[in-house]
Amino acid sequence: MPPSSNFWTRAKTPASIFALLSLIAVCVLFFFLGKWQWDRTQDILDAERAASMAAVPVSEIDQPLKPEDYGRAVTASGSFIDTDQVRIGSRLSRESIAGDWIVSALEIETGQSIAVVRGWVPQGQSFATPEGTVSIEGVLQPSDTFYNATGERGSEIVTIDSRQLSALWNTPLLDGYIVMQSQSPLEADSPESVPPTISTADVAFPLQNFFYAIQWWVFALFAITIYIRWLVIGSKLRT
Amino acid sequence: MNKIPTALLAFRIMAWVTGVVLAFASVWALYGYLFLNYGAEGGKPLLYSILWIAHGWLYFAYLIAAINLAFLLRFPILKTLALLLAGTIPFASFYADFVMHRYVASLPDKATKKTVKQVPNQ
């Protein structure tokens, strides 16, 4: 007796055909429920990314910085404190030419200050520091924490760390620093802007929606399995 | 070998594990949406999301345990569906576990222990 003949006889009964139609309806429903959660995942990601791309005033970012803030576009306006300034040697320009990076403290309207990498200048060359109020736009970075012990090589500073700079300048600084991308007004011999190390902000992934999407599709497959198993068991009962 | 007691035990475990996680997550959700602004985008903590994802997969295991038991007991479709859905309603799976145990206990011994008596060649 071939077991399949019973299976197909069973599959052709009205009850089985009704169950099959229900199964198809359930699979279609579950597919679209999964797709809805999938689209929600993408929409939430897009919205979060758009929100993190838009430049926000640096004073609006909570202190201390969280990993999600690294790489965020920020704006600030205030004045550079020309005594609070360091040259950091052995740094590259956009064209990979060795020179110095200029880091200055920018005092913003709230009275707080933040370290700003204004850009690159050829080794030993002088540059202009704007007087009065400037508006800048840049990318927020975490303080360099690697090689902390060797942060200062003699009197020379090699890492950009807000705590270290704060101690050096005797000025309280906000956490992290800004890699300046544009400044207005801009003098002719200003430092040349450099690319930020971290340029894309990390956004929180909507895990729940993503897994629900997968789950609905798994449930649809499970429903198919159950239908087949139901037919197999039913056909064995008749023998 | 009779499979009903094993299936019943598997169902009991899944009903309780899924039920406890669901009850906890539901109470957390209620509190979160009422008092902690979980309705806002990105307002939920990671552990909360993980708990719901865990419930989703535990429920999948619950489905397997429940359908296995329903097949063994030759349940009609609507009764089976009710059993499956009990894993999605807070506290319903505890009741389902109670009902299933009462039902199996009410069956004649023959239904649950038949194989011992029915070995023909000895």
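Note that this is a predicted model, so its numbers are computed, not measured. (Residues numbered from 1 in each chain as written. Chains lettered and ligands numbered in written order. Predicted model: local features only at pLDDT ≥ 70, side-chain atom pairs only at ≥ 80, totals over all residues. Heavy atoms only, no water.)

Caption draft 1: Seen up close, the overall build of chain B. The helix and strand inventory of chain B stands at five helices and zero strands. Written out in order from the N terminus, the α and β elements of chain B read α-α-α-α-α. Of all 122 residues assigned to chain B, the portion counted as buried reaches 41%. In chain B, of all internal contacts separated by at least 6 residues, the share reaching a separation of at least 24 is 71%. Accessible surface computed for chain B: about 7,400 Å², of which carbon and sulfur atoms make up 71%. (Helix = DSSP H or I, 4+ residues; strand = E, 2+ residues; numbered from the N terminus. Buried < 20%, exposed > 50% of the residue type's maximum accessible area, 1.4 Å probe, protein only. Contact = heavy atoms within 4.5 Å. Areas by Shrake-Rupley, 256 points an atom, 1.4 Å probe, with all protein chains shown as cover.)

Caption draft 2: Structural detail: the packing of aromatic side chains. Tallying each qualifying case throughout the model produces 22 aromatic pairs over all chains. When the centroid spacing of 5.1 Å and the interplanar angle of 85 degrees are considered together, the rings of Phe7 of chain A and Trp8 of chain A count as edge-to-face. The exposure class assigned to Trp8 of chain A is exposed, which follows from its relative accessible area of 51%. Taking NZ or CZ as reference, Arg118 of chain A lies 4.8 Å from the ring centre of Phe80 of chain A, over its face. Sitting over the ring of Phe75 of chain B, Lys79 of chain B keeps its end group 4.7 Å from the ring centre. (Phe/Tyr/Trp six-rings, centres within 6.5 Å; stacked < 30°, edge-to-face > 60°. Lys NZ or Arg CZ within 6 Å of the ring centre and 35° of its normal.)

Caption draft 3: Broad picture of helix α3 (residues 77–85) of chain B. Residue and element names in this part refer to chain B. Considered for burial, the residues of α3 that qualify are Thr80, Leu83 and Leu84. Taken end-on, α3 shows its buried residues confined to a sector of 100 degrees, consistent with a single buried face. In this structure, the buried side of α3 is in contact with α1 (4–35), α2 (46–72) and α4 (92–106). (Arc of directions from axis to C-beta.)

Caption draft 4: Examining the packing of α1 of chain B against α2 of chain B more closely. Residue and element names in this part refer to chain B. Two elements in contact, α1 and α2, have axes whose closest approach is 8 Å; the angle formed by their N-to-C orientations is 150 degrees. Taken together, the axes of α1 and α2 are roughly antiparallel relative to one another. Here the hand of the crossing between α1 and α2 comes out left-handed. Here the residues of the contact of α1 with α2 sort into 27 nonpolar, four polar and no charged. (Axes fitted to C-alpha atoms, helices over the stretch in contact; angles between N-to-C directions. Parallel < 35°, antiparallel > 145°, perpendicular 65-115°, else oblique. Left-handed = near helix turned anticlockwise from the far one by under 90°. Nonpolar A, V, L, I, M, F, W, Y, C, P; charged D, E, K, R; others polar.)

Caption draft 5: Layout of α2 of chain B. Compared with an ideal rise of 1.5 Å per residue, which puts 27 residues at 39 Å, α2 of chain B spans 39 Å between its outermost C-alpha atoms and is within 8% of the ideal. Looking at the residues trailing α2 of chain B, positive phi occurs at Arg74 of chain B, about 55 degrees. (Expected span 1.5 Å × (residues − 1).)

Caption draft 6: View of the layout of surface pockets. In this structure, the largest pocket encloses a volume near 1,200 Å³. Every residue lining the largest pocket is counted, 40 residues in all, and those nearest its centre are Ala223 and Ile226 of chain A together with Ile67, Leu81 and Leu84 of chain B. Counting residues per element, the ones that place at least two in the lining of the largest pocket are α2 (14–53) and α4 (207–237) of chain A together with α2 and α3 of chain B. (1 Å grid on protein atoms, 1.4 Å probe; cavity = no way out; pocket = protein on both sides within 12 Å on 5 of 7 lines; lining within 4 Å. Points joined across faces, edges and corners; volume = space filled by probe spheres on them.)

Caption draft 7: Focus on the pairing of strand β2 (residues 73–92) of chain A. Residues and elements named next belong to chain A. Examined bridge by bridge, strand β1 (residues 56–57) and β2 share two bridges and lie parallel to one another. Opposite Pro57, over in β2, you have Thr75 as the bridge partner. Relative to strand β5 (residues 134–141), β2 runs antiparallel, the two sharing six bridges. If you follow Ala73 over to β5, its bridge partner there is Val139. One ladder, built from 10 bridges, connects β2 with strand β3 (residues 98–108); its direction is antiparallel. Its bridge partner being in β3, Leu92 is matched across the sheet by Ala98. Counted between consecutive antiparallel strands, the loop separating β2 from β3 contains five residues, among which Ser96 sits at a positive phi close to 60 degrees. (Pairing = 2+ DSSP bridges.)

Caption draft 8: Focus on the interface of chain A and chain B. The partner chain B presents 17 residues to the 17 residues of chain A that form the contact. Overall, the association of chain A and chain B removes approximately 1,600 Å² of surface from exposure, summing both partners, and the carbon and sulfur fraction of that is 78%. Contact with chain B buries area across many residues of chain A, yet Gln208, Gln215 and Phe222 of chain A alone supply 32% of it, more than any other trio. Between chain A and chain B we count zero salt bridges in total. Scanning the region where chain A abuts chain B turns up two residue pairs in polar contact (both at pLDDT 80 or more). Of all the secondary structure elements, the ones that give two or more residues to the side of chain A that touches chain B are α2 and α4 of chain A. Broken down by class, the residue content of the side of chain A that touches chain B amounts to 13 nonpolar, two polar and two charged. (Buried area = accessible area lost by both parts, 1.4 Å probe. Salt bridge = Lys/Arg side-chain N within 4 Å of Asp/Glu carboxyl O. Polar contact = N/O pair within 3.5 Å; in protein donor to acceptor, adjacent residues only side chain to side chain.)

Keep in mind these values describe shape, not function.
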